[in-house]
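Letter by letter, the chains look like this.
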Amino acid sequence: MASLLQGRLPVNQDVLLMQKGTLMRKVRSKSWKKLRYFRLQEDGMTVRHARQVGGRDKASFSISDVETVRNGHESELLRSLAEEFPLENGFTIVFHGRRSNLDLVANSVEEAQIWMQGLQLLVDFVTNMDQQERLDQYQHDWFQRGDKNKDGRMSFQEVQRLLHLMNVDMEPEYAFQLFQTADTSQSDTLEGKEFIEFYKALTKRAEVQELFENFSADGQKLTLLEFVDFLREEQKEGERASDLALELIDRYEPSDSGKLRHVLSMDGFLSYLYSKDGDIFNPSCRPIYQDMTQPLHHYYINSSHNTYLVGDQLCGQSSVEGYIRALKRGCRCLEVDIWDGPSGEPVVYHGHTLTSRILFKEVVATIAQYAFQTSDYPVILSLENHCSWEQQEIIAHHLTEILGEQLLSTTLDGQLPTQLPSPEDLRKKILIKGKKLRTLEEDLEEEEEEEELETELEREAELELESKFESETQELSPRSKDKNEKVVMCPLFCSPICCQIMVQAPLPKPGLSLFPKQKCKAILCPALSSLVVYTKTVSFYSFAHSREHYRFYELSSFTETKAKSLIKEAGNEFVQHNAWQLSRVYPSGLRTDSSNYNPQEFWNAGCQMVAMNVQTAGLEMDIHDGLFRQNGGCGYVLKPDFLCDTQSSFQPERPISPFKAQTLLIQVISGQQLPKVDKTKEGSIVDPLVRVEIFGVRPDTTRQETNYVENNGFNPYWGQTLCFRVLVPELALLRFVVKDYNWKSRNDFVGQYTLPWTCIQQGYRHIHLLSKDGTSLHPASIFVHICMLEGLKGVES
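Quantities reported herein were computed from a predicted structural model and do not represent experimental measurements.

Rules of the game
- Residues numbered from 1 in each chain as written.
- Predicted model: local features only at pLDDT ≥ 70, side-chain atom pairs only at ≥ 80, totals over all residues.
- Heavy atoms only, no water.
- Helix = DSSP H or I, 4+ residues; strand = E, 2+ residues; numbered from the N terminus.
- Buried < 20%, exposed > 50% of the residue type's maximum accessible area, 1.4 Å probe, protein only.
- Contact = heavy atoms within 4.5 Å.
- Areas by Shrake-Rupley, 256 points an atom, 1.4 Å probe, with all protein chains shown as cover.
- Pairing = 2+ DSSP bridges.
- Axes fitted to C-alpha atoms, helices over the stretch in contact; angles between N-to-C directions.
- Salt bridge = Lys/Arg side-chain N within 4 Å of Asp/Glu carboxyl O.
- Core = buried A, V, L, I, M, F, W, Y, C linked by side-chain atoms within 4.5 Å.
- Phe/Tyr/Trp six-rings, centres within 6.5 Å; stacked < 30°, edge-to-face > 60°.
- Lys NZ or Arg CZ within 6 Å of the ring centre and 35° of its normal.
- Parallel < 35°, antiparallel > 145°, perpendicular 65-115°, else oblique.
- Left-handed = near helix turned anticlockwise from the far one by under 90°.
- Patch = residues over 30% accessible without salt bridge, like charges linked within 9 Å, V, L, I, M, F, W, Y side chains within 5 Å.
- Lys, Arg positive; Asp, Glu negative; His and termini not counted.
- Charge placed at Lys NZ, Arg CZ, Asp CG, Glu CD.
- pLDDT = per-residue confidence, 0-100.
- Nonpolar A, V, L, I, M, F, W, Y, C, P; charged D, E, K, R; others polar.
- Arc of directions from axis to C-beta.

Caption draft 1: Molecular detail of the overall build of the protein. Across its full length, the protein carries 22 helices and 34 strands. Taken over 797 residues, the protein has a buried fraction of 54%. Nonlocal contacts in the protein, meaning residues at least 24 apart in sequence, comprise 69% of its contacts between residues at least 6 apart. A total accessible area of about 36500 Å² is found for the protein, and carbon and sulfur atoms account for 48% of it.

Shown next as structure tokens:
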């Protein structure tokens, strides 16, 4: 069966040469570099590889798996082998999700260019395929898998095997009946269009047909008025239903005559229901739809923890790829752990562990390149600075020189602000989060002073240091260029409130100290300190202390344990604190496997930067991705009003009115083409069930599930209604999970989709499932009916 896309596939000289095959070197590490023969298949959609030309091949990747193609200069691994292989001969295939990149080295620049250009051409084609083209490709893929002897036709025996591959457990008699009906040539095999008819018979949607006939007077079509009724009554489209009906008919009706008569056929109706317009996620929430002009602390900010790691916290690999992936996912707060490196160049790694190291300047260059590819809104670099004075100066130099105009190094207008700027104000700016020697007010005052006066004040400060120490410690700025200056900690009897960074002049004799019992450490370099503007880190002592002593541009970081404790003991105070100041929460150091916590309970208290180990897939990242799926995926989501009010009475642990409670009714109707859990076992067929989970404030967090359907992953039918009552819908997220029932052990994960309550569309909707890794499982979906009711009244089933 020729590919249904054959006539539409972009075919040029590059693609034709790729189909002939090329011997290239596959590179996994500095020591693993092996020749492999790569060839694009005739369908133009899959690449296979073998150990040698003519050898037994196996699938390498599908074009739909590929996100982009990069040249050799952008690969850390290939750069490290630049003396062995010319970088111009190398290229990197980057996949969706968390799948490792594929680094390849061709024998010449020309061969590398053929594959880079050809792959990118095909990737762009797949990205822009419409719904019908995706269906055509899917049918072709199934035919290829079912045609075991590769003779271009499918016998009934091959069809029976294919049904198992498709997760269908069907009586042989019924399967043979469908086979014979489709075999119009009576050749006892299915070819081309015959297989398409067989596939259509398999995928017939009886539940959608019934719904269609409920609104269609003749059972053949929906007139414009009938479709408007459906959109208004079932889909809750309200006043816009009339205009929307015309748009949808024009968009999804396959026949030109139907479009002219403004009617919708069954095929057009199904296309609409399966499209983005028929999706559970409201299309109006996909672009940037929120007010982006409020202060930064009014937003949840997509944040990453130990961004440089692509593995665990003990022995994992540090890589600039961690920053690329985080930024591509919409992360706007990145962590950079910086330590003294050899040859005077600071390095980034997880200190005191066996994780590998990368140069700080490479990290900064990567951030400069990728910071604003996914979102224009500001990136915050959370610097964990463990460096000496000398290397701090190099850090400041790299930040200034590499980031250039992207770096925010002073207030936006040079004036003292009264509140944090907005994401809109900070478009395409990179902010440094870290310690600062002085207040922003003192920095701005100093910028107005003469250099001579600055030098005089510094000299006076050094002379007065010892005499003033006994009375009241003052915070002074070291402006001297003498790199031997030290920081002296406050005496032990000094209260935490007055602890400040102090300058000590260079000592004449090694080991001699003005305060021999005090601990000394390297001072914060003024050049680096001055780059911290709106995000100065300070220690947290109590909410009362923060209100009395801290400013709106200062922020504190909390371990997950500390933050949980504060929410439990003083939840309302935490909410009020987060209404005027930024907070960052990060995972416990005990999570050496890079596991994650549930971010929801910290969002409930209004914490803005809840940092996640984005390299680790799972429930927690599903929740995180669910929240940030809205608002254009820009990395900023506006908090509810009651979390932006410094006088808020909201208690995250014990929420009460006036927050509008709602009741949610979800009828889980059917599933479509669910993937196998164990693809290695042809005979295994899933027994699917659907679990609906709600995450929000503690009283709202719950889950319910349907019964399981035995031996049917292709078109299971449940028809069960689940009822949820939610106190604070503004904070709730819904997660739909399909599981494969297993009475012997835990149910196996099949697919999931998570979204905010506020982005749900009512009515008959499809939920397009994602893998554990967050990538599309197209065409796997579940079909549901959603109904939202105000209040918590009992609901008749």
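Caption draft 2: Layout of the sheet that holds strand β2 (residues 33–40). In spatial order, the strands read β4-β3-β2-β1-β7-β6-β5; together these 7 strands make up an open sheet with antiparallel pairing. For this open sheet the edge positions go to β4 (58–62) and β5 (66–71), each flanked by a neighbour on one side alone. Between one strand and the next, the sheet's axes are offset by a mean angle of 35°, whatever the strand orientation.

Caption draft 3: Summary view of the side chain of S529. Counting through the fold element by element, S529 comes out in helix α18 (residues 526–529). Those residues in contact with S529, other than ones at most four positions away along the chain, are K435, K436, L437 and L524.

Caption draft 4: Layout of the pattern of salt bridges. What the rule picks out here adds up to 36 salt bridges. One salt bridge in this structure joins D57 and R48, with 3.1 Å as the shortest N-O distance. Under the relative-accessibility criterion, R48 is labelled partly exposed at 27%. Linking E335 and R584 is a salt bridge whose minimum nitrogen-to-oxygen distance equals 3.4 Å. Highlighted residues: E335 in strand β14 (residues 333–339) and R584 in strand β24 (residues 583–586), separated in sequence by 249 residues. By relative accessible area, which is 5% here, E335 ends up buried. Residues joined in a network through salt bridges with shared partners are D622, R691, E693, E705 and R735.

Caption draft 5: Local environment of the nonpolar core. If you look at the biggest cluster of nonpolar residues, it comprises 70 residues, and the most contacted ones within it are L334, L381, L399, L528 and F574. Here the element with the most residues in this core is helix α20 (residues 560–577); it accounts for 6 residues. If near-sequence neighbours (up to four positions away) are discounted, L399 is found in contact with F360, V364, L381, L383, G404, L407, I432, L528 and L531. Counting 34 residues, the second largest nonpolar core, distinct from the first, contains A732, C759, L769 and I782.

Caption draft 6: How the structure looks around the packing of aromatic side chains. One pass over the full model with this rule turns up 29 aromatic pairs. Relative to Y272, the ring of F227 lies with its centre 5.7 Å away and its plane at 80°, an arrangement referred to as edge-to-face. Separated by 45 residues along the polypeptide, F227 in helix α9 (residues 224–233) and Y272 in helix α12 (residues 266–274) bring together distant segments of the chain. In this pair, the class of F227 matches that of Y272, namely buried. Here F543 and F574 contribute two aromatic rings whose centre-to-centre distance is 5.3 Å and whose plane-to-plane angle is 45°, an arrangement assigned as tilted. Of this pair, F543 sits in helix α19 (residues 543–549) while F574 sits in helix α20, and the two are 31 residues apart along the sequence. Judged on exposure class, the residue F543 and its partner F574 are both buried. One aromatic cluster is present, formed by F212, F215, F227, F230, Y252, F269, Y272, Y764 and F783 through successive ring pairs. One cation-aromatic arrangement involves R28 over W32; the distance from NZ or CZ to the ring centre is 4.2 Å. Sitting over the face of the ring of Y349, R357 holds its NZ or CZ atom 3.9 Å from the ring centroid.

Caption draft 7: Representation of the packing of helix α6 (residues 172–182) against helix α7 (residues 192–202) within the structure. One way to put it is that α6 packs onto α7 with a least axis distance of 8 Å and a crossing angle of 140°. It follows that α6 is oblique to α7 by the angle criterion. Crossing angle aside, the handedness with which α6 passes α7 is right-handed. Mapping the contact onto sequence places A175, L178, F179 and A182 in α6 and E194, E197, F198, A201 and L202 in α7.

Caption draft 8: Unusual backbone geometry, seen in detail. Between H778 and the following residue, P779, the backbone shows a cis peptide bond with an omega angle of 5°. For P779, the location among the structural elements is in strand β34 (residues 776–790). With a phi close to 50°, N711 is a non-glycine residue in the positive phi region. The residue N711 is located in the loop between β29 (702–705) and β30 (717–726) in this model.

Caption draft 9: Main features of a negative patch on the surface. A contiguous patch of negative charge, built from D169, E171, E173 and E710, is present on the exposed surface. With respect to the element layout, E173 can be found in helix α6. On the basis of relative accessible area, E173 is assigned to the exposed category, the value being 56%.

Caption draft 10: Summary view of the confidence of the model for the protein. Chain-level statistics for the protein give a pLDDT mean of 88 and a share of 88% at 70 or above. Per-residue pLDDT stays below 50 along residues 466–520; that stretch engages in 90 contacts with residues further than four places along the chain or on separate chains.

Caption draft 11: Region of the structure containing the packing of helix α1 (residues 13–20) against helix α3 (residues 109–127). Relative orientation of the contacting elements α1 and α3 amounts to 110°, with a least axis distance of 8 Å. As judged from the angle between their axes, α1 and α3 are roughly perpendicular. Note on element contacts: α3 touches α1 through I114, W115, Q117, G118, L119, L121 and L122, opposite D14, V15, L17 and M18. Classifying every residue of the contact of α1 with α3 by side-chain character gives 8 nonpolar, 2 polar and 1 charged.

Caption draft 12: Focus on helix α16 (residues 440–447). What α16 keeps buried is the set L440, D443, L444 and E446. Taken down its axis, α16 places every buried residue within 160° of arc, on the same side.

Caption draft 13: Spatial organisation of a positive patch on the surface. Together, R28, K34, R51 and K58 give the surface a local cluster of positive charge. Along the chain, R28 turns up in the loop between β1 (22–27) and β2.

Caption draft 14: How the structure looks around the environment of P417. On the secondary structure map, P417 appears in the loop between α15 (389–403) and β18 (430–434). Each C-alpha atom of the pair P417 and Y553 lies 9.2 Å from the other, and the pair is 136 residues apart in sequence. If sequence neighbours within four positions are ignored, P417 has contacts with T411, L440, Y534 and F552.

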